[in-house]
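Notes for the structure review
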Amino acid sequence: MIEASPAAGSCRPPKRILLKFANLVEANGEEIALLDSVDAGKPIADCENLDVLDA
């Protein structure tokens, strides 16, 4: 899980939103990779190992 700095309580809303988004992508990476594979017609392994990890 990606964590905010110790001063996270004082961070602006955009930073909190980006951290939440990053955590959701990390938590749902397999499903995102499957959807990407179906959408782009790429092998699932490429989507799991390259595309989602680079996001």
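Structure shown above.
We now turn to the structure provided with this report. What you see is a predicted model, and the numbers here were worked out from it, not measured in a lab.

**A look at the overall build of the chain**
Broken down by element type, the chain carries three helices and zero strands. Starting at the N terminus and ending at the C terminus, the chain contains elements arranged as α-α-α. Counting every position in the chain, which comprises 55 residues, the buried fraction comes to 16%. For the chain, the accessible area works out to roughly 4,400 Å², and carbon and sulfur atoms hold 61% of it.

**Thoughts on a nonpolar patch on the surface**
A cluster of nonpolar side chains, contributed by L34, V38 and I44, occupies part of the molecular surface with about 280 Å² of accessible area. Mapped onto the fold, V38 is located in helix α2 (residues 29-40).

Procedures and definitions
Position labels on residues start from 1 in each chain and follow its written sequence. In keeping with the predicted nature of the model, local features appear solely for residues at pLDDT of at least 70, side-chain atom pairs appear and are counted solely at 80 or more, and the whole-chain, interface and lining totals rest on all residues. Each side-chain value is worked out from all heavy atoms of the structure, with water and hydrogens disregarded. Secondary structure elements are defined from DSSP: runs of H or I of at least 4 residues count as helices, runs of E of at least 2 residues count as strands, and each element is numbered from the N terminus. Burial classification: accessible surface area is computed with a 1.4 Å probe over protein chains only, and a residue below 20% of its type maximum counts as buried, one above 50% as exposed, and the rest as partly exposed. Here the accessible surface of atoms and residues is derived via Shrake-Rupley with a 1.4 Å probe, and residues count as covered only by protein chains that are part of the display. A patch consists of residues exposed above 30% relative accessible area that lack any salt bridge, with like charges linked at up to 9 Å and nonpolar side chains (Val, Leu, Ile, Met, Phe, Trp, Tyr) linked at up to 5 Å. For this document, the term salt bridge refers to a Lys or Arg side-chain nitrogen within 4 Å of an Asp or Glu carboxyl oxygen.

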